[in-house]
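# Tertiary structure, described
Here is how the chains run, residue by residue.
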Amino acid sequence: MNNPLLNKWNTPFETPPFHLIKTVHYSPAVEESIKSAGEEIKTISENPEPADFENTIAALDRIGERLGNVTSVLFNLNSAETNKDLQEVTRDISPVLTRFSNDITLNETLFSRIKTVHDSRDSAGLNTEQKMLLEKKYRNFILGGAGLGEEKKSRFREISEELSQLSVKFEENVLSDTNAFEFNLTDETDLAGLPEGVVEMASMEAKSRGKKGWVFTLHFPSYVPFMKYSEKREHRKKMFKAYTSRAFHGDGNDNKKLVTKIANLRLELSNILGFNNFSEMILGDRMADTTTKVLTFLDELHCASKPAAQRDFEAVKKFAVENGHKGKPERWDWDFYSEKLRKSRYDIDDEVLKPYFRLENLEKAILDLATNLYGIRFIANNQIPVYHSEVKTWEAFGDDGLFLAILYIDYFPRPGKNGGAWMTSYREQKTEAGKEIRPLISIVANFTRPTETKPSLLSFSEVTTFLHEFGHALHGILTRCNYESLSGTNVARDFVELPSQFMENFAYEKEWLSQWAVHYRTGEIIPDELIEKIRLSATFNEGYACNRQLGFGFLDMAWHTLTRPVSDNVSEFEAEAMAKTEFFPHVEGSNISCSFGHIFGGGYASGYYGYKWAEVLDADAFKYFKEAGIFNSETAASFRKNILEKGGTDKPMNLYKSFRGREPTIDAFLERSGLK
Ligand SMILES: [Zn+2]
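Residues numbered from 1 in each chain as written. Predicted model: local features only at pLDDT ≥ 70, side-chain atom pairs only at ≥ 80, totals over all residues. Heavy atoms only, no water.

### Brief notes about the overall build of the protein chain
Formally: Helix numbers and strand numbers start at the N terminus; a helix is a DSSP run of H or I with at least 4 residues, a strand a run of E with at least 2. Here the globule rule is a power law, 2.2 Å times the number of residues to the power 0.38, and the radius of gyration is based on C-alpha atoms. Partly exposed residues are those whose accessible area sits between 20% and 50% of the maximum for their type, while under 20% is buried and over 50% is exposed, using a 1.4 Å probe and protein chains only. Residues are treated as being in contact if the distance between any of their heavy atoms lies within 4.5 Å. Using a 1.4 Å probe, the Shrake-Rupley method yields the accessible areas, and only the shown protein chains count as cover for residues. When charges are counted, Lys and Arg are positive and Asp and Glu negative, with His and the chain ends excluded. In this description, the location of a charge corresponds to atom NZ of lysine, CZ of arginine, CG of aspartate or CD of glutamate.
Of the regular secondary structure elements, the protein chain holds 27 helices and nine strands. On C-alpha atoms alone, the protein chain measures out to a radius of gyration of 26 Å, which is about the 26 Å that the 2.2 N^0.38 rule sets for 676 residues. Across its three principal axes, the protein chain shows a C-alpha extent of roughly 80 × 65 × 55 Å. Among the 676 residues that make up the protein chain, the fraction classed as buried is 54%. Contacts spanning at least 24 positions in sequence make up 74% of the contacts within the protein chain whose residues lie at least 6 apart. As displayed, the protein chain has an accessible area near 30700 Å², and 50% of this comes from carbon and sulfur atoms. The averaged location of the 99 negative side-chain charges in the protein chain is 2 Å from the averaged location of its 84 positive side-chain charges.

Now the structure itself:
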């Protein structure tokens, strides 16, 4: 078969030939590329020469180029422009890829070569980047169980498999309890306070379930506005209790046993690999690379934000009483009175701002910002093949005139696109045999479409989302590394959000907003008063929110720093871990751990702190920018040279210190969030 995925890509900049690729091409292309990657592995592991960095570690990083090209097209399209057939192909291919990657990790001859290189790492004359690559590869094998003896290896495999099943089961239980609940209202007076759009959605939900009236559910688009706006206290209480008791009913969907089982198995797994606890194992390659660092960080932020949290709590309580609330406010009153207080203080909403945030203006402003800060020039090129006619493409060049990357942007929602926004790539940057391969970067979003009468007018959060994803894109575009596994956004998980969150800061700067945010009809520049409201409302209840998030961080760390198995009562364990961040009394029948999907279902175990960690970093970095003026070219050059170009070629703390001249402190974060 003539398969465009396997042929040389005869397109501008060797971009994927989307116009030629059909769904039937993927499976044979993956099969063929796995075969050739397998041959490459064999060549490395059976090399008669003694193992060294170049013939083992660097060689390993170069294998499977074609497999990478094919799978990135497949996975990217399955997120951005999918259909039933493509989903089926992806489902079929995923286990094949997992098997292939397990075959590599458990290849003993290959691992013994890697170990040889690792054992002699200090005398091999490696540079920092090479050391980082060696550690990364070695760690992947070690955490995959490669270094264990037969007996331990078999227990390791048992635990890994059981853990992956338990996580799936955990999520299934939460989902089925989420779906099982419905709140059917039939009396119109019960809808008091709810916005029109929310009521309309509830009415459609009722119809689709063959019910009269309105149905509210525990899914976010229904639950969140209900808790914020419903005037009916008893109803809010009912919704709250249903939400916080998911997978905690003592029935077949209960997660209590799963929580302790997962925590205990994670402990055992980390012990087998020689670590004291699971956190220690996970944090090894993070910026906060020890449990002590993470716990100290959480404590420090907690001490600093507690007084502001207390103030927020008292202010909402006082506001509630002034507005007719009887007795003590409970948890189910918090969102309701907070929203009312916010509205009364700042009187700002999206409808006022949107006319100033026209997508075309923002696109130009963001590209100009990259030119202004880093000298990047973007030139539109509509000859580059795209997977949908709405996708826009640019060539990016550096201030030295050299080609940097291709940038794709895909703005609007379509039925075949996942929700949310993300940055991804079709090819990563690397240097091969002295030749530099430049990356193909893509931003995918779901922004408000233009209508017949209006251009695309964005909400403020869409503006920050665009900046955020563009920050990740710059990390990809500007990278200059030798090895693919270290280039671009291939950095520690608690460091990767620095370049993206950093860019969001510009959305609050008058100097930048006034350059482009003009009313789409009148051409009037956004008034100072509106900018001021944006800034002030951004810090509203930040103390309380920060404290709450820290509570989740403490809980995550408590479950993953166990050094002895627990048989504890999950509720007591949780209450103890979160005690210092609580303002409300415990609500009987509610539990967080049993529905904490981030840490028991997904990949955030011992990583929840990372949300706040990244905020501290980006605030500290942006403050440095502000000191010399937000467009200062020297600061920008340093951020580029020390962070955006460097990928994961050095430890994140070293990169940060080279940029900032010192380690980050929490001061800028506290100031920005109004917690000082
Ligand atoms: Zn991000």
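### Some words on the pattern of salt bridges
Keep this limit in mind: Any carboxyl oxygen of Asp or Glu within 4 Å of a side-chain nitrogen of Lys or Arg constitutes a salt bridge here.
Counted under the stated rule, the structure contains 46 salt bridges. Across the pair Glu162 and Lys261 runs a salt bridge, and its minimum N-O distance is 3.3 Å. Of this pair, Glu162 sits in helix α7 (residues 150-180) while Lys261 sits in helix α11 (residues 256-272); the two residues are 99 residues apart in sequence, bridging distant segments of the chain. When the shortest N-O distance is used, the salt bridge between Arg414 and Asp410 registers 2.9 Å. There is no split in this pair, since Arg414 and Asp410 are both buried. Several salt bridges share partner residues, and in doing so they unite Glu81, Glu390, Asp410, Arg414, Lys417 and Arg449 into one network.

### So, the sheet that holds strand β6 (residues 422-427)
We count it as follows: DSSP calls a pair of strands paired once it identifies at least 2 bridges connecting them. To obtain an axis, a line is fitted to C-alpha atoms, over the contacting stretch when the element is a helix, and the angle between two such axes runs from 0 to 180 degrees between their N-to-C directions.
Strand order in the open sheet formed by five strands is β3-β4-β5-β9-β6, with mixed pairing between adjacent strands. In this open sheet, the two edge strands, each paired with only one partner strand, are β3 (377-380) and β6. The average undirected angle you get between the axes of adjacent strands in this sheet is 25°. Sheet analysis places strand β4 (residues 392-397) next to strand β5 (residues 403-410), joined by six bridges and oriented antiparallel.

### Description of the packing of helix α1 (residues 26-45) against helix α3 (residues 65-80)
Worth spelling out the cut-off: Geometric relationships in this document are graded by angle, where less than 35 degrees denotes roughly parallel, more than 145 denotes roughly antiparallel, 65 to 115 denotes roughly perpendicular, and other angles denote oblique. Handedness of each helix crossing follows the sense of rotation of the near helix against the far helix: counterclockwise by less than a right angle gives left-handed, clockwise gives right-handed. All residues other than Ala, Val, Leu, Ile, Met, Phe, Trp, Tyr, Cys, Pro, Asp, Glu, Lys and Arg, Gly among them, are scored as polar; the first ten of these are nonpolar and the last four charged.
It is at 8 Å that the axes of α1 and α3 come closest, and there the two elements cross at 150°. Accordingly, the angle class assigned to the pair α1 and α3 is roughly antiparallel. Regarding α1 and α3, the two cross each other, and that crossing is left-handed. Together, Tyr26, Ala29, Val30, Glu32, Ser33, Ile34 and Ser36 of α1 and Arg66, Leu67, Val70, Thr71, Val73, Leu74 and Leu77 of α3 make up the contact between the two elements. Its residues assigned to classes, the contact of α1 with α3 comprises nine nonpolar, three polar and two charged.

### Re the packing of aromatic side chains
Aromatic ring pairs are described here by two measures, namely the spacing of the ring centres and the angle between the planes. The test is simple: Aromatic rings from Phe, Tyr and Trp, with only the six-membered ring used for Trp, were paired whenever their centres fell within 6.5 Å, and each pair was classed as stacked if the ring planes differed by under 30 degrees, edge-to-face if by over 60, and tilted otherwise. Look at NZ for Lys and CZ for Arg. If either is within 6 Å of the ring centre and within 35 degrees of the ring normal, a charge sits over the ring.
Tallying each qualifying case throughout the model produces 54 aromatic pairs. With a centroid separation of 5.8 Å and an interplanar angle of 90°, the aromatic rings of Phe625 and Phe639 are classed as edge-to-face. Remark: Phe639 occurs in helix α25 (residues 633-644) and Phe625 occurs in helix α24 (residues 610-628); sequence separation between them is 14 residues. Like Phe625, the residue Phe639 is buried in the burial classification. Looking at Arg493, its charged tip hangs above the ring of Tyr604, at a distance of 5.4 Å from the centre.

### Topic: the nonpolar core
The criterion, for reference: Joining through side-chain atoms within 4.5 Å is the link that ties buried Ala, Val, Leu, Ile, Met, Phe, Trp, Tyr and Cys residues into a set, and such a set is a nonpolar core.
Counting residues in hydrophobic clusters, the biggest one holds 104 residues, and the most contacted among them are Phe357, Tyr374, Leu407 and Trp512. Considering every element that reaches this core, the biggest residue donor is helix α13 (residues 291-322), with 10 residues. If near-sequence neighbours (up to four positions away) are discounted, Tyr374 is found in contact with Asp399, Leu474, Leu478, Phe502, Phe625, Ala636, Phe639, Arg640 and Leu644. One finds Leu86, Leu97, Phe111 and Trp422 within the second-largest nonpolar core, a separate group that totals 51 residues.

### Description of the coordination of the zinc ion
Cut-off, in case you're wondering: In this listing, donors mean N, O and S atoms no farther than 2.8 Å from the metal, or 3.2 Å for Na, K and Ca; water is missing from the atoms, so a site can look incomplete.
Donor atoms from the polypeptide that coordinate the zinc ion comprise His468 (NE2), His472 (NE2) and Glu497 (OE), at 2.1 to 2.2 Å from the metal. Counting along the primary sequence, the residues that act as donors to the zinc ion give the motif H-x3-H-x24-E. Of this pair, His468 sits in helix α17 (residues 460-477) while Glu497 sits in the loop between α17 and α18 (498-504), and the two are 29 residues apart along the sequence. Classification of His468 as buried rests on a relative accessible area of 13%.

### Some thoughts on the pairing of β6
Among the six residues in β6, six count as buried, and that is most of the element. One ladder, built from five bridges, connects β6 with strand β9 (residues 440-444); its direction is antiparallel. Residue pairing across strands places Arg427 opposite Leu440, the latter belonging to β9.

### Re helix α14 (residues 331-346)
Using the following cut-off: Expected helix span is given by 1.5 Å per residue-to-residue step, counting one fewer step than there are residues.
If you check α14, its first and last C-alpha atoms are 23 Å apart, about what 16 residues at 1.5 Å a residue would give, namely 22 Å. Residues Arg331, Trp332, Asp333, Trp334, Phe336, Tyr337, Ser338, Glu339, Leu341 and Tyr346 constitute the buried set of α14. Each element contacted by the buried residues of α14 is listed here: α9 (220-229), α10 (233-244), α13, α20 (528-538) and α21 (542-560). Where α14 terminates, the next one or two residues include Asp347, which has phi positive at roughly 40°.

On their own, these measurements won't tell you what the molecule is for.
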